[in-house]
Amino acid sequence: MEHSCCRDFATEKSRCAADVQHLLEKYPQPVVYEVMSELLRREMREQFAGAYAASQQSDD
């Protein structure tokens, strides 16, 4: 039996793949990859900053 979170992830993954495919049809591959890389870097920085701030508060 599949969990709903797995179905949700599969649905989101499928949508994301379709979105990426659409972007690759519209823009050159290096442009799409560079933009995706930058968005991922930003997301990782925000997550790290949040986790770091939370760890500093728990240390106080």
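Attention in this report is confined to the structure presented alongside it. Since the model is a prediction, treat every value here as computed from it, not as a measurement.

### Side note on the overall build of the protein
Stage number 1. When helices and strands are counted, the protein shows two helices and zero strands.
Stage number 2. Taken over C-alpha atoms, the radius of gyration comes to 17 Å for the protein, far larger than the 10 Å a tight globule of 60 residues would show.
Stage number 3. Counting only C-alpha atoms, the protein reaches 50 × 40 × 10 Å along its principal axes.
Stage number 4. Here the protein holds 60 residues, and the buried ones make up 3% of them.
Stage number 5. Summed over all atoms, the accessible surface of the protein reaches about 5,500 Å², with 59% contributed by carbon and sulfur.
Stage number 6. Across the protein, the 7 positively charged side chains and the 11 negatively charged ones have centroids separated by 6 Å.

### Some thoughts on a nonpolar patch on the surface
Stage number 1. A cluster of nonpolar side chains, namely Leu 23, Tyr 27, Val 31, Val 35 and Leu 39, defines an oily patch on the protein surface of about 420 Å² accessible area.
Stage number 2. Structurally, Tyr 27 is set in the loop between helix 1 (4-26) and helix 2 (29-59).

### Describing the packing of aromatic side chains
Stage number 1. Under the definition given, this model contains one aromatic pair.
Stage number 2. Ring plane angle 20 degrees and centroid distance 6.1 Å describe the contact between Phe 48 and Tyr 52, whose orientation is recorded as stacked. Of this pair, Phe 48 and Tyr 52 both sit in helix 2, four residues apart, which is roughly one turn of that helix.
Stage number 3. Looking at Phe 48, the relative accessible area reads 59%, which means it is exposed.
Stage number 4. Using a relative accessible area of 47% as the deciding quantity, one classes Tyr 52 as partly exposed.

### Let's talk about the environment of Gln 47
Stage number 1. Following the sequence through the fold, Gln 47 ends up in helix 2.
Stage number 2. Remark: the alpha-carbon pair of Gln 47 and Ser 58, spanning eleven residues in sequence, is separated by 17 Å.

### Thoughts on the pattern of salt bridges
A pair can form between side chains of opposite charge whenever their charged atoms are brought close.
Stage number 1. Here the structure, examined in full by the defined rule, presents five salt bridges.
Stage number 2. As a salt-bridge pair, Glu 38 and Arg 41 come within 3.1 Å of each other at their nearest N and O atoms. Taken as a pair, Glu 38 and Arg 41 lie in helix 2 at a separation of three residues, close to a single helical turn.
Stage number 3. With its nearest N and O atoms 3.1 Å apart, the salt bridge here joins Glu 38 to Arg 42. Taken together, the positions of Glu 38 and Arg 42, both in helix 2 and four residues apart, correspond to about one turn of that helix.
Stage number 4. For Glu 38, a relative accessible area of 25% corresponds to the partly exposed category.

Analysis parameters
- Residues numbered from 1 in each chain as written.
- Predicted model: local features only at pLDDT ≥ 70, side-chain atom pairs only at ≥ 80, totals over all residues.
- Heavy atoms only, no water.
- Helix = DSSP H or I, 4+ residues; strand = E, 2+ residues; numbered from the N terminus.
- Rg over C-alpha atoms; globule rule 2.2 N^0.38 Å.
- Buried < 20%, exposed > 50% of the residue type's maximum accessible area, 1.4 Å probe, protein only.
- Areas by Shrake-Rupley, 256 points an atom, 1.4 Å probe, with all protein chains shown as cover.
- Lys, Arg positive; Asp, Glu negative; His and termini not counted.
- Charge placed at Lys NZ, Arg CZ, Asp CG, Glu CD.
- Patch = residues over 30% accessible without salt bridge, like charges linked within 9 Å, V, L, I, M, F, W, Y side chains within 5 Å.
- Salt bridge = Lys/Arg side-chain N within 4 Å of Asp/Glu carboxyl O.
- Phe/Tyr/Trp six-rings, centres within 6.5 Å; stacked < 30°, edge-to-face > 60°.

All we've got here are geometric facts, nothing functional implied.
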